[in-house]
Amino acid sequence: MRITPVTSNVGAEIEGVDLSVEQPAEVYRQIRQALIDHGVVFFRDQTLSSEQYVALARRFGRPTVPTSGIIPPIPGSEEIAEVRKEAGRDRNVGGSWHTDQAYRKAPSWGTMLLCRKAPATGGDTLFSSMAAAYHRLSDGLKQTLGGLRAVHSNAGVQARMGTGRAPDPEVTHPVVVRHPEGGKPVLYVNPAYTVRFEGWTEAESRPLLEFLFQQGQHPELFCRFRWRPGSLAFWDNLQTWHFAVNDYGAGERVMHRIVVEGPEFDH
Ligand code: SIN
């Protein structure tokens with residue numbers, strides 16, 4: 001197995017492993033370590049049935065049961081959800097910087113995304129390191145952020161996606177989270193779900209939140225992954241943001257997603 005970093009801040013390509021067959025425990029340990037080190041890992045040319053895909057996910061934690069109306073489960077599977085943009089549709093899923101399910105009390109840890117159908121051009125996903133974003137801040141700002149909690153809500157996303165569902169209750173998380181594996185500090189706010197600081201109004205929160213949102217969007221902090229059928233990305237939601245780029249016009253894109261429960265951070 002070869003692990004090659006994509007950039008010095010985020011992402012690594014892993015070659016030489018067939019994920020459809022059971023591997024020695026050491027292989028999964030190395031993949032997990034690469035995930036901790038790089039935030040997201042990428043595999044190519046994987047031929048996985050749904051059963052093999054679920055078995056792979058279980059090597060890393062308990063798959064969650066999808067409950068979102070935006071990303072429904074595929075027929076016949078409890079754990080696999082489908083991120084689909086049909087030919088001719090305008091709107092995509094995940095087309096803004098976010099981290100999955102930050103609006104939950106116990107946010108999801110690992111997301112696996114397996115490409116089943118890729119558009120002829122475009123449809124890449126961007127991944128940004130929120131550990132690197134935190135690292136770049138001044139000591140003064142780090143000190144201020146260390147004392148803050150932020151409120152997260154999926155109300156905006158539910159409304160934008162027109163799900164007709166009531167939003168989940170708001171939750172709060174520390175603005176700076178210590179990663180439960182490895183311990184690196186991570187800036188845990190994101191443009192899709194973070195609405196204000198706890199005890200502050202939205203108007204008071206907006207300028208500082210906007211500044212923090214910009215921090216994850218510096219080009220040197222993100223990498224870009226080009227999908228082909230059989231490509232698989234596995235990312236750590238606690239230390240990355242991602243963004244599904246909606247630049248493939250009328251093309252069709254079908255991805256199978258499994259979200260794995262993992263280590264919780266200190267809320
Ligand atoms: C997501 O936001 O979970 C989907 C990302 C993608 O489709 O690239």
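Now for a look at the structure at hand. (Residues numbered from 1 in each chain as written. Predicted model: local features only at pLDDT ≥ 70, side-chain atom pairs only at ≥ 80, totals over all residues. Heavy atoms only, no water.)

Structural notes on the sheet that holds strand β2 (residues 12-15)
Then comes step 1: Taken together, 7 strands build an open sheet; the order of strands is β1-β2-β3-β13-β5-β15-β4 and the sheet is mixed. Edge positions in the sheet fall to β1 (2-5) and β4 (81-85), since each of these pairs with one other strand and no more. On average, adjacent strands in this sheet sit at an angle of 25 degrees to one another, irrespective of strand direction.
Then comes step 2: In terms of strand pairing, strand β3 (residues 40-43) meets strand β13 (residues 232-236) through 4 bridges, oriented antiparallel. Within the sheet, the bridge partner assigned to Phe42 lies in β13 and is Ala233.
Then comes step 3: Across the face of the sheet, helix α1 (residues 25-38) comes into contact with β1, β2, β3 and β13 while running at roughly 130 degrees to β3. (Pairing = 2+ DSSP bridges. Helix = DSSP H or I, 4+ residues; strand = E, 2+ residues; numbered from the N terminus. Axes fitted to C-alpha atoms, helices over the stretch in contact; angles between N-to-C directions. Contact = heavy atoms within 4.5 Å.)

Re the environment of Val189
Then comes step 1: Within the fold, Val189 resides in the loop between β10 (185-187) and β11 (194-197).
Then comes step 2: Between the C-alpha atom of Val189 and that of Met255, which follows or precedes it by 66 residues, the distance is 26 Å.
Then comes step 3: The contact partners of Val189, leaving out residues within four places of it in the chain, are Met130, Ala150, His152, Val175, Thr194, Leu209, Leu212, Phe213 and Trp241.

What to know about the state of the cysteines
Then comes step 1: Counted according to the given criterion, the structure contains 0 disulfides.
Then comes step 2: Free cysteine Cys115: the closest other cysteine sulfur is in Cys223, separated by 16 Å. (Disulfide = S-S within 2.5 Å.)

Here we look at the nonpolar core
Then comes step 1: One finds Ile31, Val41, Phe60, Phe127, Leu232 and Phe234 to be the most contacted residues of the largest nonpolar core, which totals 52 residues.
Then comes step 2: Among the elements that line this core, the one with the most residues is α1, at 5 residues.
Then comes step 3: Counting residues in each nonpolar core, the second largest holds 25 residues, with Leu137, Val186, Phe197 and Leu208 among its members. (Core = buried A, V, L, I, M, F, W, Y, C linked by side-chain atoms within 4.5 Å. Buried < 20%, exposed > 50% of the residue type's maximum accessible area, 1.4 Å probe, protein only.)

Concerning the pairing of β13
Then comes step 1: Burial analysis of β13 places 5 of its 5 residues in the buried class, the great majority of the element.
Then comes step 2: Bridge count between strand β5 (residues 110-117) and β13: 5 bridges; the pairing is antiparallel. By the bridge assignment for β13, Met112 is matched with Phe234.

Description of the site of the ligand
Then comes step 1: Near the ligand, the surroundings consist of Val83, Gly94, His98, Asp100, Leu113, Thr125, Trp235, His242, Ala244, Arg253 and Arg257.
Then comes step 2: One of the side-chain nitrogen or oxygen atoms of His242 is found 3.1 Å away from an oxygen atom of the ligand.
Then comes step 3: One of the side-chain N or O atoms of Arg253 is found 2.7 Å from an oxygen atom in the ligand.
Then comes step 4: In isolation the ligand exposes 260 Å². Once the protein is present, 99% of that is buried.
Then comes step 5: Every element with two or more residues in the shell around the ligand is listed here: β14 (240-244) and β15 (253-260).
Then comes step 6: In terms of residue class, the shell around the ligand is made up of 4 nonpolar, 4 polar and 3 charged. (Near = heavy atom within 4 Å. Polar contact = N/O pair within 3.5 Å; in protein donor to acceptor, adjacent residues only side chain to side chain. Areas by Shrake-Rupley, 256 points an atom, 1.4 Å probe, with all protein chains shown as cover. Nonpolar A, V, L, I, M, F, W, Y, C, P; charged D, E, K, R; others polar.)

A look at the environment of Ala233
Then comes step 1: Counting through the fold element by element, Ala233 comes out in strand β13.
Then comes step 2: The class for Ala233 is buried, based on a relative accessible area of 0%.
Then comes step 3: Leave out the neighbours within four places in its chain, and Ala233 touches Val40, Val41, Phe42, Thr111, Met112, Leu113, Phe127 and Trp227.

Structural notes on the environment of Gly182
Then comes step 1: As for its placement among the helices and strands, Gly182 is situated in the loop between β9 (176-178) and β10.
Then comes step 2: Along the chain, Gly182 and Asp37 lie 145 residues apart, while their C-alpha atoms are 8.3 Å from each other.

Points about the packing of aromatic side chains
Then comes step 1: What the rule picks out here adds up to 12 aromatic pairs.
Then comes step 2: Measuring from ring centre to ring centre gives 5.9 Å for Tyr28 and Phe60, while their planes differ by 80 degrees; the resulting arrangement is edge-to-face. With a gap of 32 residues between them, Tyr28 in helix α1 and Phe60 in the loop between α2 (50-58) and β4 connect regions that are remote in the sequence. Grouping residues by exposure puts Tyr28 and Phe60 together as buried.
Then comes step 3: Here Lys85 stacks its cationic end above the ring of Tyr248, 4.1 Å away from the centre of that ring.
Then comes step 4: Residue placement shows Lys142 over the ring face of Tyr134; its charged tip is 5.2 Å from the ring centre. (Phe/Tyr/Trp six-rings, centres within 6.5 Å; stacked < 30°, edge-to-face > 60°. Lys NZ or Arg CZ within 6 Å of the ring centre and 35° of its normal.)

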